Amino acid sequence: MAGSDPRVLLAETSGVNKLMDNALSPTIRVMTWNIHGGIGPDRSRDLRRVVDLVQSHQPQIIALQEIDSRRGTSSTPDAFDFLNKELGGNSHATRLIRAPDGDYGHAVISCWPMAAARYHDISYKRREPRAAIETVVDTPHGSLHVVAAHLGLSFRERRQQAEKLVQIVRKSDKCSVLMGDLNDWIAGGAVRRILDRQFPGHSHMKTFPACRPIFPLDRIYCRPKSILQRSQTDHTARLASDHLPVIADLILGNCP
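Caption draft 1: Representation of helix α2 (residues 79-87). If you check which residues of α2 are buried, you get Ala-79, Phe-80, Phe-82, Leu-83, Asn-84 and Leu-87. Close packing links the buried residues of α2 with α1 (47-57), β3 (61-68), β4 (90-99) and β5 (102-110). The backbone nitrogen of Phe-80 lies 3.1 Å from a side-chain oxygen of the residue at the head of α2, namely Asp-78. Downstream of α2 by one or two residues, Gly-89 has phi in the positive range, about 90°.

Structure representation (structure tokens):
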């Protein structure tokens, strides 16, 4: 398990020390990661590095941001299709920027079936298009409401987007997880105030820049708080992206 590797920084949120192997355990693992198009510090695009690192943590549900199939070649697979095939086989994706040579966006990928996605437009004025992916994953331990997003770069943009995310999650009567790159680097800023108040179960580990993390841009929020057992990051991800991932273990047996 990744937690036994001294290169992996663990941030414990409870007394649970490991993901139980028992198939009947209600524990599942989720992960969010801004993969920067699969481009590492060597400036080469290598999705295999991304896949290998994700698989090393064995998450059942993954939210990936900055998936980029542009500038591809005949020998390079479509990034969205490749990641879906390698990491779960069930996916919902936004291709928010389309170009003649490929697309750019983010996705939710799961090894379990998912309900049809709802794509919420959270774009702000004339800035880069943004959308939140909402779905329900049919896990062996019950349904999990999942919302994934990649927020914008301006203060007002992110505040408005955070408020919309709260509205989306509030409408669900299921256990919920909200995850993604929230681009919020200010301690006590609007996004953190809004989301922390609504989701007391959350991660706030520093994930950017990957080479020397300073800002907790990438986060996982849970409702209710009790489903979040622990969260961690993996510093070896700096070899594959400019962000570090966040991985969390959830116990759906704590759902109301």
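Caption draft 2: Quick peek at the layout of surface pockets. The volume enclosed by the largest pocket comes to roughly 220 Å³. Around the largest pocket, the lining is made up of 16 residues, and of these Arg-118, His-120, Glu-134, Ile-168 and Lys-171 lie nearest the centre. Of all the secondary structure elements, the ones that give two or more residues to the lining of the largest pocket are β6 (118-121), β7 (131-139) and α3 (155-170). Partitioning the lining of the largest pocket into residue classes produces five nonpolar, five polar and six charged.

Caption draft 3: Main features of a nonpolar patch on the surface. A cluster of nonpolar side chains, namely Phe-155, Trp-185 and Ile-186, defines an oily patch on the protein surface of about 280 Å² accessible area. Mapped onto the elements, Ile-186 comes out in the loop between β9 (176-181) and α4 (190-198). Accessibility expressed as a relative area gives 32% for Ile-186, which makes it partly exposed.

Caption draft 4: Just the packing of aromatic side chains, in detail. Applying the stated criterion across every chain yields a total of two aromatic pairs. Here the aromatic rings of Phe-155 and Trp-185 are separated by 6.0 Å at their centres, their planes lie at 50°, and the arrangement is tilted. Residue Phe-155 is located in helix α3, and its partner Trp-185 is located in the loop between β9 and α4; the two are separated by 30 residues in the primary sequence. Using a relative accessible area of 49% as the deciding quantity, one classes Phe-155 as partly exposed. The exposure class assigned to Trp-185 is partly exposed, which follows from its relative accessible area of 35%. The ring of Trp-185 has Arg-158 lying over it, and the distance from NZ or CZ to the ring centre is 4.5 Å.

Caption draft 5: Spotlight on the nonpolar core. In this structure, Val-30, Leu-144, Val-177 and Leu-250 are the most contacted members of the largest nonpolar core, which totals 24 residues. Those elements that provide at least two residues to this core are β2 (27-34), β3, β7, β8 (142-150), β9, β11 (218-223) and β13 (246-251). The residues contacting Leu-144, other than those within four sequence positions of it, are Ile-28, Ile-61, Thr-135, Val-136, Val-137, Thr-139, Cys-175, Ser-176, Val-177, Leu-250 and Leu-252. With 23 residues, the next largest nonpolar core counts Ile-35, Ala-79, Phe-82 and Ala-210 among its residues.

Caption draft 6: Here's a closer look at the pattern of salt bridges. In total, this model carries 12 salt bridges according to the counting rule given. In this structure, Asp-103 engages Arg-95 in a salt bridge whose closest nitrogen and oxygen atoms are separated by 2.8 Å. The class for Asp-103 is buried, based on a relative accessible area of 9%. Residue classification places Arg-95 among the partly exposed residues on the basis of a relative accessible area of 25%. Across the pair Glu-128 and Arg-130 runs a salt bridge, and its minimum N-O distance is 3.7 Å. Through salt bridges with shared partners, a single network forms among Asp-78, Asp-81, Arg-95 and Asp-103.

Caption draft 7: Fine view of the packing of α1 against α2. As a packed pair, α1 and α2 sit with axes 11 Å apart at the nearest point and diverge in direction by 30°. Accordingly, the angle class assigned to the pair α1 and α2 is roughly parallel. Every pair of crossing elements has a handedness; the one defined by α1 and α2 is right-handed. Note on element contacts: α2 touches α1 through Ala-79, Phe-82, Leu-83, Glu-86 and Leu-87, opposite Leu-47, Arg-48, Val-50, Val-51, Val-54 and Gln-55. When its residues are assigned to classes, the contact of α1 with α2 shows eight nonpolar, one polar and two charged.

How each quantity is defined
- Residues numbered from 1 in each chain as written.
- Predicted model: local features only at pLDDT ≥ 70, side-chain atom pairs only at ≥ 80, totals over all residues.
- Heavy atoms only, no water.
- Buried < 20%, exposed > 50% of the residue type's maximum accessible area, 1.4 Å probe, protein only.
- Helix = DSSP H or I, 4+ residues; strand = E, 2+ residues; numbered from the N terminus.
- Contact = heavy atoms within 4.5 Å.
- Polar contact = N/O pair within 3.5 Å; in protein donor to acceptor, adjacent residues only side chain to side chain.
- 1 Å grid on protein atoms, 1.4 Å probe; cavity = no way out; pocket = protein on both sides within 12 Å on 5 of 7 lines; lining within 4 Å.
- Points joined across faces, edges and corners; volume = space filled by probe spheres on them.
- Nonpolar A, V, L, I, M, F, W, Y, C, P; charged D, E, K, R; others polar.
- Patch = residues over 30% accessible without salt bridge, like charges linked within 9 Å, V, L, I, M, F, W, Y side chains within 5 Å.
- Areas by Shrake-Rupley, 256 points an atom, 1.4 Å probe, with all protein chains shown as cover.
- Salt bridge = Lys/Arg side-chain N within 4 Å of Asp/Glu carboxyl O.
- Phe/Tyr/Trp six-rings, centres within 6.5 Å; stacked < 30°, edge-to-face > 60°.
- Lys NZ or Arg CZ within 6 Å of the ring centre and 35° of its normal.
- Core = buried A, V, L, I, M, F, W, Y, C linked by side-chain atoms within 4.5 Å.
- Axes fitted to C-alpha atoms, helices over the stretch in contact; angles between N-to-C directions.
- Parallel < 35°, antiparallel > 145°, perpendicular 65-115°, else oblique.
- Left-handed = near helix turned anticlockwise from the far one by under 90°.

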